[in-house]
Amino acid sequence: VQATARVHDAKVSIARVSGMPAHEFRLLVCDDDDRRLEDFQRWCNIFPKLDLMAGSEGSLKEVLLVRVDPCWAREMDNLRCGRAALKSSPDRLRCDREAVLCAVSFDGLALEDAATELRGDPEVVIAAVHRIGDALQFAAERLRADRNFVLRAVAIDHRALQHTATNLRADSEVVMAAVAKNPQALQFINRGDKRLMLAVVSQLGQALQYVSKQLRNDPDVVLAAVKQDGASLQHASECRRADKAVVMAAVTQDGRALQ
């Protein structure tokens, strides 16, 4: 098993050998809790210290295969493949964790139709965010205000940033996690916040193009940007591009900054 492979990949391989449809069985880790493995999970995250390619007995973990009722499996497969929508499903499915996971794995926005309790389930929400970051808007408020959870979400999809608590959209670490995924995440924050923008351009000079017009003329912000990436000089105001100190810093960082 490749460490970076998903659980779903292993199930497909098992199905190919056994002839048993992948949607008719589940995989569980044999430990104290007999944890069920979700299709989207990667083996390297499930067993972070396990060398799956080592082939030694010390690297082995026991995984249990459990076959489920074919009718239930069919319902789950219909949700997973989009043949059925959670919105039009009976309450018993909208309140069922497995059913909701299947639905959001196809359409992250289906999280809106899940039971309230499941919209507060971190793994259910993360599964939805894997499909589309905008799904975070339907998560429980406590998750959208949870810094550690938000860091995890924005690292998956930068669009999740716009649905987080206001104070987290001013948190430089959270913002940079989103920007690292896609610089367009800056459209979801206050680009006129000098403190925040200084922190951002100090790590990603090219982000200067997204800051407010006023800050593109701010000597501190522009200097921080060109020191990180001389080529970001092109995004500075005309006044700053004529600033000797700024130009020298840009050329020092990148000799081609004036080209």
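Okay, so let's go over this structure. (Residues numbered from 1 in each chain as written. Predicted model: local features only at pLDDT ≥ 70, side-chain atom pairs only at ≥ 80, totals over all residues. Heavy atoms only, no water.)

**Some remarks on the packing of helix H3 (residues 70–80) against helix H5 (residues 97–106)**
What describes two packed helices is the angle between their axes and the distance between those same axes. To keep things clear, this is the line we draw: Here the axes come from fitting lines to C-alpha atoms, over the contacting stretch only for helices, and the angles between their N-to-C directions go from 0 to 180 degrees. Numbered from the N terminus, helices here are DSSP runs of H or I no shorter than four residues, and strands are runs of E no shorter than two. Roughly parallel here means an angle under 35 degrees, roughly antiparallel means over 145, roughly perpendicular means 65 to 115, and every remaining angle is called oblique. Note on contacts: a residue pair is in contact if any heavy atoms of the two residues lie within 4.5 Å. Under the scheme applied here, ten amino acids are nonpolar (Ala, Val, Leu, Ile, Met, Phe, Trp, Tyr, Cys and Pro), four are charged (Asp, Glu, Lys and Arg), and all others, including Gly, are polar.
Orientation of H3 relative to H5, taken along the N-to-C sense of each, is 30°, at an axis distance of 7 Å. One element, H3, and the other, H5, form an angle in the roughly parallel class. Residues Trp72, Met76, Leu79 and Arg80 of H3 pack against Glu98, Ala99, Cys102, Ala103, Ser105 and Phe106 of H5. Along the lines of polarity and charge, the residues of the contact of H3 with H5 split into 7 nonpolar, 1 polar and 2 charged.

**Digging into the packing of helix H8 (residues 147–156) against helix H9 (residues 172–181)**
What counts here: Throughout, a crossing is termed right-handed when the near helix is turned clockwise from the far one, and left-handed when it is turned anticlockwise from it by less than a right angle.
At a closest axis distance of 7 Å, the pairing of H8 and H9 adopts a crossing angle of 15°. In this view, H8 runs roughly parallel relative to H9, as classed from their interaxial angle. For the pair H8 and H9, the sense of crossing is right-handed. Here H8 contributes Arg147, Val150, Leu151, Val154, Ala155 and Ile156 to the contact with H9, which in turn contributes Glu173, Val174, Ala177, Ala178 and Lys181.

**A look at the packing of aromatic side chains**
Condition: The criterion for an aromatic pair is that two Phe, Tyr or Trp rings (for Trp, the six-membered ring) have centres within 6.5 Å, with stacked assigned to planes under 30 degrees apart, edge-to-face to planes over 60 apart and tilted to the rest. Counting as a charge over the ring demands two things of the Lys NZ or Arg CZ atom: a distance within 6 Å of the ring centre and an angle within 35 degrees of the ring normal.
Throughout the structure, instances matching the rule amount to 1 aromatic pair. Between Lys11 and the ring centre of Phe25, over which it is positioned, the NZ or CZ distance is 5.6 Å.

**Structural notes on the environment of Gln234**
Residue placement: Gln234 occurs in the loop between helix H11 (219–228) and helix H12 (238–241). Between the alpha carbons of Gln234 and Ala257 there is a distance of 8.0 Å; along the sequence they are 23 residues apart. Once residues lying within four places of it in the same chain are set aside, the contact partners of Gln234 are Gln206 and Arg241.

**Describing the nonpolar core**
Considering soluble globular proteins, one finds that nonpolar side chains tend to be buried as a cluster. So the rule is basically this: Residues belong to a common nonpolar core when they are buried Ala, Val, Leu, Ile, Met, Phe, Trp, Tyr or Cys residues joined through side-chain atoms within 4.5 Å. With a 1.4 Å probe rolled over the protein chains alone, any residue whose accessible area is under 20% of its type maximum counts as buried; one over 50% counts as exposed, and the rest are partly exposed.
The biggest cluster of nonpolar side chains holds 63 residues, and the ones touching the most others in it are Leu111, Val125, Leu161, Leu186 and Met197. For this core, the elements supplying multiple residues, two or more each, are H3, H5, helix H6 (122–131), H8, H9, helix H10 (194–201), H11 and helix H13 (244–253). Val7, Ala15, Met20 and Trp43 belong to the second-largest nonpolar core, a separate cluster that totals 13 residues.

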